[in-house]
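Examination of the molecular architecture
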Amino acid sequence: MTQTSNRIFDDFAKMMTDAAGAAQGVQREVETVIRAQGEKFLRDMDVVSREDFEAVRAMAEKAREQNESLESRVAALEAEIKGMGGNI
């Protein structure tokens, strides 16, 4: 009886191990499908990637800095012209 009992438990343990492995495989497959559907949804929504957003943000910051610099230069030139007695 002990031999049969151990074999039943061994078979049961093997079956549970196989079931756990199958469940992990199913979980990975479901995660892959969900990830693919999420990416498709974002593409369809025309959402920009983080990298593209950061690149445009950097360009906007640079343009703002250049604009502020040009404003300062124009103000300085206007002051210089007024100092010479000219009218703008």
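Residues numbered from 1 in each chain as written. Predicted model: local features only at pLDDT ≥ 70, side-chain atom pairs only at ≥ 80, totals over all residues. Heavy atoms only, no water.

1. Comments concerning the overall build of the chain
Counting its regular elements, the chain contains two helices and zero strands. Relative to its length of 88 residues, the chain is extended, with a C-alpha radius of gyration of 35 Å against a globular reference of 12 Å. With the principal axes as the frame, the chain shows a C-alpha extent of 115 × 30 × 10 Å. Within the chain, buried positions represent 0% of all 88 residues. Within the structure as shown, the chain displays about 8,300 Å² of accessible surface, and the carbon and sulfur contribution to it stands at 58%. Taken together, the 12 basic and 17 acidic charged side chains of the chain have centroids lying 2 Å from each other. (Helix = DSSP H or I, 4+ residues; strand = E, 2+ residues; numbered from the N terminus. Rg over C-alpha atoms; globule rule 2.2 N^0.38 Å. Buried < 20%, exposed > 50% of the residue type's maximum accessible area, 1.4 Å probe, protein only. Areas by Shrake-Rupley, 256 points an atom, 1.4 Å probe, with all protein chains shown as cover. Lys, Arg positive; Asp, Glu negative; His and termini not counted. Charge placed at Lys NZ, Arg CZ, Asp CG, Glu CD.)

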